Amino acid sequence: MINLDNILANCQNGDRKAQKELYDYYGPMLLAICRRYVKEQDDAEDVFIQAFYKIFSNISRFKSEGSFEGWMKRIMINESLMFLRQRKNFHLTLDHTNIKQADPYSVVDAMSYEELLSLLNELPDGYRTVFNLYVIEGYKHREIAEELNISINTSKSQLIQAKKKMQELIKKKHKLNVDRHGR
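Note that the structure is predicted; figures quoted are calculated from it, not measured. (Residues numbered from 1 in each chain as written. Predicted model: local features only at pLDDT ≥ 70, side-chain atom pairs only at ≥ 80, totals over all residues. Heavy atoms only, no water.)

A. Structural context of unusual backbone geometry. Located in the positive-phi region is Asn149, a residue other than glycine, with phi close to 60°. The topology assignment puts Asn149 in the loop between helix H7 (141-148) and helix H8 (152-181). Among the residues examined, Asn149 registers a relative accessible area of 72% and is labelled exposed. (Helix = DSSP H or I, 4+ residues; strand = E, 2+ residues; numbered from the N terminus. Buried < 20%, exposed > 50% of the residue type's maximum accessible area, 1.4 Å probe, protein only.)

B. Inspection of a negative patch on the surface at higher detail. On the surface, Glu40, Asp42, Glu45 and Asp46 cluster together to form a negatively charged patch. One can find Asp42 in helix H3 (residues 41-58). For Asp42, a relative accessible area of 56% translates into the label exposed. (Patch = residues over 30% accessible without salt bridge, like charges linked within 9 Å, V, L, I, M, F, W, Y side chains within 5 Å. Areas by Shrake-Rupley, 256 points an atom, 1.4 Å probe, with all protein chains shown as cover. Salt bridge = Lys/Arg side-chain N within 4 Å of Asp/Glu carboxyl O. Lys, Arg positive; Asp, Glu negative; His and termini not counted. Charge placed at Lys NZ, Arg CZ, Asp CG, Glu CD.)

C. Up close: the pattern of salt bridges. Evaluated as defined, the whole model comprises 8 salt bridges. As a salt-bridge pair, Glu137 and Arg36 come within 2.3 Å of each other at their nearest N and O atoms. Of this pair, Glu137 sits in the loop between helix H6 (125-136) and H7 while Arg36 sits in helix H2 (residues 16-37), and the two are 101 residues apart along the sequence. For the salt bridge of Arg74 with Glu147, the shortest nitrogen-to-oxygen distance reads 3.0 Å. Of this pair, Arg74 sits in helix H4 (residues 68-87) while Glu147 sits in helix H7; the two residues are 73 residues apart in sequence, bridging distant segments of the chain. A relative accessible area of 34% means that Arg74 is categorised as partly exposed.

D. How the structure looks around a nonpolar patch on the surface. Together, Tyr134, Val135 and Ile136 line one region of the surface with nonpolar side chains, adding up to about 230 Å² of accessible area. Turning to its location among the elements, Val135 is positioned in helix H6.

E. The packing of aromatic side chains, seen in detail. Inspection of the entire model under this criterion finds 8 aromatic pairs. Ring geometry for Tyr23 versus Phe48: centroids 5.6 Å apart, planes at 50°, classification tilted. On the criterion of sequence distance, the pair formed by Tyr23 in helix H2 and Phe48 in helix H3 is long-range, its members being 25 residues apart. With relative accessibility at 31%, the residue Tyr23 sits in the partly exposed group. Note on Phe62 and Trp71: the rings are 5.4 Å apart at their centroids and 45° apart in plane angle, and the pair reads as tilted. Assessed through its relative accessible area of 9%, Phe62 is described here as buried. (Phe/Tyr/Trp six-rings, centres within 6.5 Å; stacked < 30°, edge-to-face > 60°.)

Bear in mind that shape data such as this cannot, by itself, settle questions of function.
Dropping the structure here:
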């Protein structure tokens, strides 16, 4: 366990050792955030490094008025979204046919993080981004709409379609496992 207050104060004074401690402690969690938004590992790592640069460049502006971890997560998410907009021709896929709420599928509980990440990476960028923001990060549709410059209804539609697609992918994966293992 690290003494975050001490490390934060030292980082704000430009202490390289404290920066390394912060990077080592939070790096895996923050890289995982980038990986949820950016499909390619190399691209996710580039976004991660750029976001950490912004964290260290702006750490003196953090005023301890909220969660430091939350502040860093927000920077990671913003950098990931910026990457999607700038380099990936980020487009939301709109398909209003057969929109209905996806049913929960219990196989998810038995899946590893890597298996879920792999399935998430099969989603189109728009579905994956809205899914991450809503389901994993806890954003509201209004916040997603503002962040992505889309309508609230588009955000809702993207989420419904993402859940539907994830359900199809999970069922397909589960069927393959059942066929393979005879269970």
